Structures are given as structure tokens and as C-alpha cells.
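Structural description and commentary
The primary structure of each chain is shown beneath.
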Amino acid sequence: MAAPKIPLAEALAQWPSARPAGLLDKIAQQRAKVLSLFPPEAWPTLELDRYALGTGSQETFCYLMEFATRELGGIAGGSARKHLVYRRSDTGSWYFDRRFTSVEEAWSRIRAGFVQALELANSGRIGEIQGLEPVNWAPALTGKYVFVYSPGTMVSVYSHSAQQHFWDLLGGSGEIAWSASGAAQLDRTSTRLNSSHA
């Protein structure tokens with residue numbers, strides 16, 4: 001049974017007491033684990049085997065993002081293509097978009113895209129991420145990456161349909177951006193609404 005709908009101002013007022021006990025601690029612990037294993041300064045030279053699914057490790061970046069950091073927002077399920085490059089379990093070959101000529105080229109461009117996405121987020125230019133190939137081909141993963149590495153720039157809502165749902169609830173008009181920056185658009189709107197009800 002769905003929870004009854006209540007006005008946004010009332011929901012915002014109830015949130016601090018309604019959130020699950022220890023949630024903020026779990027969020028901080030999961031973020032700290034990602035940052036300790038994959039510090040921002042390591043990204044420019046990060047090895048593909050430390051990033052990708054299908055390597056046999058449960059401590060790759062993509063494994064952590066999809067399966068081990070649920071409190072940072074969910075991206076589990078669906079296709080592994082959301083990670084842009086991964087090792088196939090059936091053949092051991094690499095999947096990557098055929099716009100690239102090799103897995104090395106794909107990984108070099110993907111890694112550089114993540115580095116640039118963080119630079120944009122940290123300089124307040126998060127909207128520019130939606131034009132940043134190839135990471136804009138993976139808005140859920142890119143959104144979660146930015147949420148982890150640039151706290152306070154966006155909310156942890158990564159699927160377009162969920163972003164659109166909250167955008168509509170918050171009084172947004174039209175369709176929210178189909179990109180990682182859609183969550184930043186939501187964050188700015190919810191922050192304004194929250195401060196107007198404080």
C-alpha cells in the first residue's frame with residue numbers, strides 16, 4: 001500500500017525524525033570507503049581493472065557504485081552498459097561502445113571524462129556535464145560519481161524517471177534534463193523550497 005500523500009512542507013518538516021536511524025552515518029561510511037579506495041587524485045591514472053565490472057573483484061569502482069553503496073543512491077539492475085566499459089562474464093572480452101577503436105581508447109576517454117566531470121562540478125559548472133562525452137552516455141553512474149566526489153552539488157536520485165517524478169512534485173515545469181545534471185537541478189530546487197519553509 002502506498003504511503004498517503006502529504007504536503008511538501010510537512011514532509012520536509014518530518015524528514016529529520018523520520019529518516020532511518022544511522023542513515024547519515026552509513027552514507028558517510030560508504031562515501032569514505034569509495035574515497036579511500038579511489039581518491040580523486042588517483043583518477044587520472046586509474047587502471048581499468050580497478051574500475052570495471054567483470055574482473056572478479058568486489059572492490060572495483062563500478063561494483064561499489066552498483067552493489068555496495070546503496071545508501072549513496074541506487075543504480076543496481078538493468079544493463080551493465082551503464083558502466084560504459086566492462087568485462088563480459090561469458091567470453092571474458094571487453095564491452096565498450098564501438099565508437100572507440102579499442103578498449104584502451106574507450107577507457108582513456110571514459111576516465112578523462114570522469115576527471116573533467118569532477119572539475120566541472122567542483123567549479124559550479126555542473127550543467128556542462130550533460131555535454132561531456134562519453135560520461136554523459138551513463139547519467140546514473142556519472143550522477144552517483146559526482147554525488148560521491150562533490151558533496152552538496154546534487155541529490156542522490158539518478159534515474160531519469162525518479163528525477164522527473166520529484167521535479168514534478170517540487171513544482172518544476174517541463175521535462176528535467178536527461179543527464180547527471182538533472183539531479184543537480186533537483187537539488188537546487190529542493191534547497192530553495194527547503195529554505196523557504198525553514
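You'll find the structure just up there.
The structure contained in this document is the topic of the report that follows. Everything quoted here is computed from the prediction, not taken from an experiment. The numbering scheme is per chain: residues are counted from 1 as the chain's sequence reads. Reporting in this predicted model follows two pLDDT cut-offs: at least 70 for local features of residues, and 80 or more for side-chain atom pairs to be given and counted; totals over whole chains, interfaces and linings ignore these cut-offs and use all residues. Excluding hydrogens and water, the side-chain values take into account all heavy atoms of the structure.

Moving on, we come to helix α6 (residues 139-149). The buried count for α6 comes to 11 of 11 residues, which makes it a mostly enclosed element. Here the term buried applies to any residue with accessible area under 20% of the maximum for its type, exposed to any over 50%, and partly exposed to those in between, with areas from a 1.4 Å probe on protein chains only. Going along the chain from the N terminus, every DSSP run of H or I of four or more residues is numbered as a helix, and every run of E of two or more is numbered as a strand. Where α6 is concerned, the buried positions are Pro 139, Ala 140, Leu 141, Thr 142, Gly 143, Lys 144, Tyr 145, Val 146, Phe 147, Val 148 and Tyr 149.

For the rest of this paragraph, the subject is the packing of helix α4 (residues 61-68) against α6. Running from N to C, α4 and α6 point in directions that differ by 95°, and their axes come no closer than 11 Å. Put simply, α4 runs roughly perpendicular to α6. Contacts from Phe 61, Cys 62 and Met 65 in α4 reach Leu 141, Lys 144, Tyr 145, Val 148 and Tyr 149 in α6. Under the scheme applied, nonpolar residues are Ala, Val, Leu, Ile, Met, Phe, Trp, Tyr, Cys and Pro; charged residues are Asp, Glu, Lys and Arg; polar residues are all the others, including Gly. Residues that form the contact of α4 with α6 fall into these classes: 7 nonpolar, no polar and 1 charged. For helices, the fitted axis covers only the stretch in contact; all axes are lines through C-alpha atoms, and the angles between them, taken along N-to-C directions, range from 0 to 180 degrees. Each angle gets one of four labels, with under 35 degrees taken as roughly parallel, over 145 as roughly antiparallel, 65 to 115 as roughly perpendicular, and the rest as oblique. Two residues form a contact once any of their heavy atoms are found within 4.5 Å.

Moving on, we get to the environment of Ser 159. Topologically, Ser 159 is positioned in the loop between α6 and α7 (160-169). Take Ser 159: its relative accessible area is 36%, and that puts it in the partly exposed class. For the pair Ser 159 and Gly 73, spaced 86 residues apart in sequence, the C-alpha to C-alpha distance is 9.9 Å.

Next up on the list: the pattern of salt bridges. The working definition used for a salt bridge is a side-chain nitrogen of Lys or Arg within 4 Å of a carboxyl oxygen of Asp or Glu. Throughout the structure, instances matching the rule amount to 4 salt bridges. As a salt-bridge pair, Lys 33 and Glu 59 come within 3.8 Å of each other at their nearest N and O atoms. With Lys 33 in helix α2 (residues 23-37) and Glu 59 in the loop between α3 (48-51) and α4, this residue pair connects regions lying 26 residues apart in the sequence. Where Glu 128 meets Arg 125, a salt bridge forms, and the shortest distance between an N and an O atom there is 2.9 Å. Judged by its relative accessible area of 41%, Glu 128 falls in the partly exposed class.

Everything listed is a geometric property; what it means functionally is a separate question.
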